[in-house]
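# Notes for the structure review
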Amino acid sequence: MSERLSVFKTYKLFVGGKFPRSESGRVYEVTDSKGKWLANAPLSSRKDARDAVVAARKATGGWAGATAYNRGQILYRVAEMLEGRRDQFVAEVADAEGLSKSKAAAQVDAAIDRWVWYAGWTDKIAQIVGGANPVAGPYLNLSTPEPTGVVAVVAPQESSFLGLVSVIAPVIAVGNTVVVIASEKAPLPALSLGEVLATSDVPGGVVNILSGKTAEISPSLAAHQDVNAIDLAGADAELSKALQIAAADNLKRVLRPQAVDWSADPGTDRMTAFLETKTVWHPTGSLGAGGSAY
């Protein structure tokens, strides 16, 4: 029996629910921690970034308008699919981060658990950050959270999968859409995540994943007039400063980079960072001489 030829995987971008190659036609070599070649990944261009924003904007209405329960079910489905492809992600994370199989497995398990955790928050976060407000007058005053819109994310550079999940899941859990730039040196787990999202009932355009040079792609997103917020988790100090200046042009909400232990228990901060508060006033009426009101 003759030996089979190796079938190398072709990694592509994930934009608008589809898998395009970079419009530039460029790729770059991805290697493991020992310099061994793993794959060629798409080298995204500024045009790819703009296309991703268009896809994200198109998806905002349907995703934000979905019920919180429905979003939670969809996020849970992502966790189910990740569980089914666990071995693949363990191998990719081990190669990407130079970890043993057991340590990579712990990272992947934590990422899957994190999807489940955020899935459970979709219909609860409004109870934490919203509510009725006391007012002096015959009024009813209610504050409710609403998604910010299109969020650009510079994914963590060192934590190729757990860190990636930790910055994507909270953004979409509360109804935003996202354009994420994967870790430049270890993009393969992120690109494989796109394949999972495409088969997990996540509407096209809710999550868009780009790979390539972070310093080349991110300025276009930071300056884009149709991007409402940006998370600089994976930006270094110099790039972060430049992106904050670019983001100021249309008053984007900016989540600045900070030291984070991605393996620590997550909080609600990354959800509330990309929520707006809508306050509604409604008059009440008197129900008689007793002064009670409804």
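Residues numbered from 1 in each chain as written. Predicted model: local features only at pLDDT ≥ 70, side-chain atom pairs only at ≥ 80, totals over all residues. Heavy atoms only, no water.

### Remarks on the overall build of the protein chain
When its secondary structure is counted, the protein chain shows ten helices and ten strands. Rg of the C-alpha trace for the protein chain: 21 Å, near the compact-globule value of 19 Å for 294 residues, within the 12% margin. Counting all 294 residues of the protein chain, 46% fall into the buried class. Expressed as a percentage of contacts within the protein chain between residues at least 6 apart in sequence, the contacts between residues at least 24 apart total 74%. (Helix = DSSP H or I, 4+ residues; strand = E, 2+ residues; numbered from the N terminus. Rg over C-alpha atoms; globule rule 2.2 N^0.38 Å. Buried < 20%, exposed > 50% of the residue type's maximum accessible area, 1.4 Å probe, protein only. Contact = heavy atoms within 4.5 Å.)

### Topic: the packing of helix H1 (residues 46–65) against helix H8 (residues 214–223)
A pair of packed helices is characterised by two quantities: the angle between their axes and the separation of those axes. Running from amino to carboxyl end, H1 crosses H8 at an angle of 40°, the nearest separation of the two axes being 9 Å. Overall, the two elements H1 and H8 adopt an arrangement that is oblique. Seen from above, H1 lies across H8 with right-handed handedness. Residues Arg 46, Ala 49 and Val 53 of H1 pack against Glu 216, Ile 217, Ser 220 and Leu 221 of H8. Among the residues making up the contact of H1 with H8, the classes are represented as four nonpolar, one polar and two charged. (Axes fitted to C-alpha atoms, helices over the stretch in contact; angles between N-to-C directions. Parallel < 35°, antiparallel > 145°, perpendicular 65-115°, else oblique. Left-handed = near helix turned anticlockwise from the far one by under 90°. Nonpolar A, V, L, I, M, F, W, Y, C, P; charged D, E, K, R; others polar.)

### Things to note about the packing of aromatic side chains
Within the structure shown, the criterion is met by five aromatic pairs. Between Trp 117 and Tyr 118, the aromatic rings sit 5.0 Å apart at their centres with planes inclined by 85°, giving edge-to-face as the arrangement. With a relative accessible area of 2%, Tyr 118 lands in the buried category. Judged by its relative accessible area of 31%, Trp 117 falls in the partly exposed class. (Phe/Tyr/Trp six-rings, centres within 6.5 Å; stacked < 30°, edge-to-face > 60°.)

### Let's talk about helix H7 (residues 188–198)
Because each turn of an α-helix spans 3.6 residues, side chains separated by three or four positions in sequence point in the same direction. Burial of H7 is extensive: nine of the eleven residues sit out of reach of the surface. Buried within H7 we find Leu 188, Pro 189, Ala 190, Leu 191, Ser 192, Leu 193, Gly 194, Val 196 and Leu 197.

### Points about the layout of surface pockets
Counted as a void, the largest pocket has a volume near 270 Å³. Considering the residues around the largest pocket, the lining is formed by 16 residues, among which Val 260, Trp 262, Pro 266, Gly 267 and Arg 270 are closest to the centre. Listing elements by their share of the lining of the largest pocket, those giving two or more residues are helix H4 (101–121) and helix H10 (269–272). Residues of the lining of the largest pocket, tallied by class, amount to seven nonpolar, four polar and five charged. Of the volumes computed, that of the second largest pocket is approximately 230 Å³. (1 Å grid on protein atoms, 1.4 Å probe; cavity = no way out; pocket = protein on both sides within 12 Å on 5 of 7 lines; lining within 4 Å. Points joined across faces, edges and corners; volume = space filled by probe spheres on them.)

### Remarks on the environment of Ala 248
Mapping Ala 248 onto the fold places it in the loop between helix H9 (237–247) and strand S9 (253–255). Sequence separation between Ala 248 and Ala 223 is 25 residues; the distance between their C-alpha atoms is 8.1 Å.

### Overview of the pairing of strand S7 (residues 207–210)
The two faces of a sheet get side chains in turn, since along a regular strand they alternate between them. Of the two faces of S7, the one carrying Val 207 and Ile 209 and the one carrying Asn 208 and Leu 210 are both buried. By the bridge criterion, four bridges tie strand S6 (residues 177–181) to S7 in an arrangement that is parallel. For Ile 181, the partnering residue across the bridge sits in S7 and is Leu 210. Running through H7, the crossover from S6 to the neighbouring parallel element S7 is right-handed. (Pairing = 2+ DSSP bridges. Right-handed = clockwise from strand over helix to strand, strands pointing away.)

### Focus: unusual backbone geometry
One non-glycine residue, Asp 201, adopts positive backbone phi at about 70°. Tracing the sequence through the fold places Asp 201 in the loop between H7 and S7. Using a relative accessible area of 55% as the deciding quantity, one classes Asp 201 as exposed. Of note in the backbone geometry, Leu 251 takes a positive phi value of approximately 55° without being a glycine. Considering the arrangement of structural elements, one finds Leu 251 in the loop between H9 and S9.

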